[in-house]
Amino acid sequence: MEGDVVEYRIDRGSGVPAYVQIVEQTERALRMGTLKVGDKLPTAREVVAATAINPNTVLRAYRDMEQAGLVELRRGLGTFVTRSLARPGSEDDSPLRTDLTDWTARARAAGLERADILALVNATLDAYDSEQT
């Protein structure tokens, strides 16, 4: 299962440091249930091979996640997930995920880039939240 559970994708043009992107992608996988307690993260060497980033960047991300209590570094064995961020019942979100996948396909077909889609979703969430208060 090594390296198969989460594949990191680094967007060099985003302005977000690579180690932050690794932490955010790991947290997203934990929220979605893609990563579960006991799963092994890819080794730093595997992440470097897949992303061409500095090994120290990967190690920084893994240390940050260890300090946050999400993973445990076991010398000689690897880095393992110690805490889930998935909501109870999150597996019931599959119809929502299907709707969102369809919506994303329409947004891409309309020419929206990843940053455009994220901005639109964040603006919509902000407007919704402000209406609820």
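All values reported here derive from a predicted model rather than from experimental measurement.

Conventions and cut-offs
- Residue numbers here run from 1 along each chain, matching the order of that chain's written sequence.
- Reporting in this predicted model follows two pLDDT cut-offs: at least 70 for local features of residues, and 80 or more for side-chain atom pairs to be given and counted; totals over whole chains, interfaces and linings ignore these cut-offs and use all residues.
- Hydrogens and water molecules were not included; the side-chain quantities draw on all heavy atoms of the structure.
- Working definition: helices are DSSP H or I runs of at least four residues, strands are E runs of at least two. Numbering for both runs from the N terminus.
- Each residue is assigned to one of three classes by its accessible area relative to the maximum for its type, calculated with a 1.4 Å probe on protein chains only: buried under 20%, partly exposed between the two thresholds, exposed over 50%.
- Every residue pair with non-hydrogen atoms within 4.5 Å of one another is taken to be in contact.
- For the area figures, the Shrake-Rupley method with a 1.4 Å probe applies, and any residue is considered shielded solely by the protein chains shown.
- Within this scheme the basic residues Lys and Arg register as positive and the acidic residues Asp and Glu register as negative, but His and the chain ends are omitted.
- Charge positions come from single atoms, namely NZ of Lys, CZ of Arg, CG of Asp or CD of Glu.
- Residues belong to one nonpolar core when they are buried, are Ala, Val, Leu, Ile, Met, Phe, Trp, Tyr or Cys, and are joined through side-chain atoms within 4.5 Å.
- Buriedness for pockets is judged along seven lines, at least five of which must meet protein on both sides within 12 Å for an open set on the 1 Å grid over protein atoms alone, while cavities are sets there where a 1.4 Å probe fits but cannot get out, and lining residues have an atom within 4 Å of a point.
- Grid points are joined across faces, edges and corners, and a volume is the space filled by probe spheres set on the points.
- Residue polarity is assigned by list, with Asp, Glu, Lys and Arg as charged and Ala, Val, Leu, Ile, Met, Phe, Trp, Tyr, Cys and Pro as nonpolar; anything else, Gly included, falls into the polar class.
- Stacked, tilted and edge-to-face pairs are distinguished by plane angle, under 30 degrees for stacked and over 60 for edge-to-face with tilted covering the rest, among Phe, Tyr and Trp rings (Trp via its six-membered ring) whose centres lie within 6.5 Å.
- Geometrically, a lysine NZ or arginine CZ counts as sitting over a ring once it is within 6 Å of the ring centre and also within 35 degrees of the ring normal.

Remarks on the overall build of the protein chain
A tally of regular secondary structure across the protein chain gives 5 helices and 2 strands. Secondary structure elements of the protein chain, listed N to C terminal, follow the sequence α-α-α-β-β-α-α. With the C-alpha coordinates of the protein chain rotated into their principal frame, the extents come out at 50 × 35 × 30 Å. The 133 residues of the protein chain split such that 28% are buried. The contacts in the protein chain between residues at least 6 apart in sequence include a share of 55% that link residues at least 24 apart. When the accessible surface of the protein chain is split by element, carbon and sulfur atoms take 52% of a total near 9000 Å². When the 17 positive and 21 negative side-chain charges of the protein chain are each reduced to one mean point, those points stand 6 Å apart.

Regarding the nonpolar core
Counting residues in hydrophobic clusters, the biggest one holds 23 residues, and the most contacted among them are I22, L35, L41, Y62 and M65. Among the elements of the structure, α1 (18-32), α2 (44-51) and α3 (55-67) are those that each provide at least two residues to this core. Top element by residues in this core is α1. It accounts for 6 residues. Sequence-distant contacts of I22, defined by excluding residues within four places in its chain, comprise Y8, I10, V47, I53, V58, A61, Y62 and M65.

Some words on the layout of surface pockets
By volume, the second largest pocket amounts to about 220 Å³. Secondary structure elements with two or more residues in the lining of the second largest pocket: α3, β1 (71-74) and β2 (78-81). Grouping the amino acids of the lining of the second largest pocket by side-chain chemistry returns 6 nonpolar, 4 polar and 2 charged.

A short note on the side chain of T79
Structurally, T79 can be placed in strand β2. Residue T79 is classed as buried on the basis of its relative accessible area, which comes to 9%. Among residues more than four places away in sequence, those in contact with T79 are D39, K40, L41, Y62, V71, E72 and L73.

Quick notes on the packing of aromatic side chains
Geometry of an aromatic ring pair is reported as the spacing of the ring centres plus the angle between the planes. Under the defined criterion, the tally for this structure stands at 0 aromatic pairs. Between the NZ or CZ atom of R60 and the centre of the ring of Y19, over which it lies, the distance is 3.7 Å. The ring centre of F80 lies 4.2 Å from the NZ or CZ of R74, which sits over that ring.

Keep in mind that these numbers describe shape and distance, not what the molecule does.
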